[in-house]
Amino acid sequence: MYEGWTVPIDYDPLLAKLIGYGTDRDQAIARLTRALSEYFVGGIKTNISLFRRIVRDADFRAARLDTGFLDRMVQRAEDKPVDSSASEVAAIAAGVFAALGSTAVAGERTADNGLGVADKRDSNWKSASRREALR
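Calculation criteria
- Residues numbered from 1 in each chain as written.
- Predicted model: local features only at pLDDT ≥ 70, side-chain atom pairs only at ≥ 80, totals over all residues.
- Heavy atoms only, no water.
- Salt bridge = Lys/Arg side-chain N within 4 Å of Asp/Glu carboxyl O.
- Helix = DSSP H or I, 4+ residues; strand = E, 2+ residues; numbered from the N terminus.
- Buried < 20%, exposed > 50% of the residue type's maximum accessible area, 1.4 Å probe, protein only.
- Contact = heavy atoms within 4.5 Å.
- Axes fitted to C-alpha atoms, helices over the stretch in contact; angles between N-to-C directions.
- Parallel < 35°, antiparallel > 145°, perpendicular 65-115°, else oblique.
- Left-handed = near helix turned anticlockwise from the far one by under 90°.
- Nonpolar A, V, L, I, M, F, W, Y, C, P; charged D, E, K, R; others polar.

Caption draft 1: Quick peek at the pattern of salt bridges. This structure, assessed with the given rule, holds five salt bridges. For aspartate 57, the salt bridge goes to arginine 76, with nearest N and O atoms at 2.4 Å. You can see aspartate 57 sitting in the loop between helix H2 (48-56) and helix H3 (58-61) and its partner arginine 76 sitting in helix H4 (residues 69-79), a full 19 residues away along the chain. The closest approach of N and O atoms between aspartate 59 and arginine 64, which form a salt bridge, is 2.8 Å. Given the relative accessible area of 18%, aspartate 59 is considered buried. A single network of salt bridges, built from pairs that share partners, joins Asp57, Asp59, Arg64 and Arg76.

Okay, structure coming up:
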């Protein structure tokens, strides 16, 4: 690998693995949903958005799966009209975030770490990744 290299689709799943588990299917799906909402890989395209759609799909949640599941799910998504208002809201929010900087985000929260000392909840890594995602 090198800077500027394009990761072939065959190797995309090899970049990272996310495994969800639970005492039952619902708990495992809930954990996967949470983890996928927090998952971020910068600098390259990934299929994370596809997995987010899969765990939200009613057929997946009900375990109605077969070899045609993915094709049907993608077709259903293509049949739906695109709602641009959500994209517009996200773009406006990103602009406000960028303009105000980290003073307007939850990264400024502090909490007692049990020793009576205030402790930042969001790391500098997380703040940097948020800034990078806005570029």
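Caption draft 2: Spatial organisation of the side chain of aspartate 59. Mapped onto the fold, aspartate 59 is located in helix H3. Dropping the residues within four chain positions of it, aspartate 59 is found in contact with Arg64, Leu65, Phe69 and Arg76.

Caption draft 3: Main features of the environment of phenylalanine 97. Looking at the element boundaries, phenylalanine 97 is found in helix H5 (residues 84-100). Separated by 33 residues in sequence, phenylalanine 97 and arginine 130 have C-alpha atoms that sit 9.6 Å apart.

Caption draft 4: Seen up close, the packing of helix H1 (residues 25-38) against H2. Where H1 contacts H2, the two axes come as close as 10 Å, and the packing angle between them is 150°. Viewed along their axes, H1 and H2 adopt a mutual orientation that is roughly antiparallel. At the point where H1 passes H2, the crossing takes the left-handed sense. Between H1, through Ile29, Leu32, Thr33, Leu36 and Ser37, and H2, the contact on the second element is made entirely by Ile48, Phe51, Arg52 and Val55. Looking at side-chain class alone, the contact of H1 with H2 contains six nonpolar, two polar and one charged residues.

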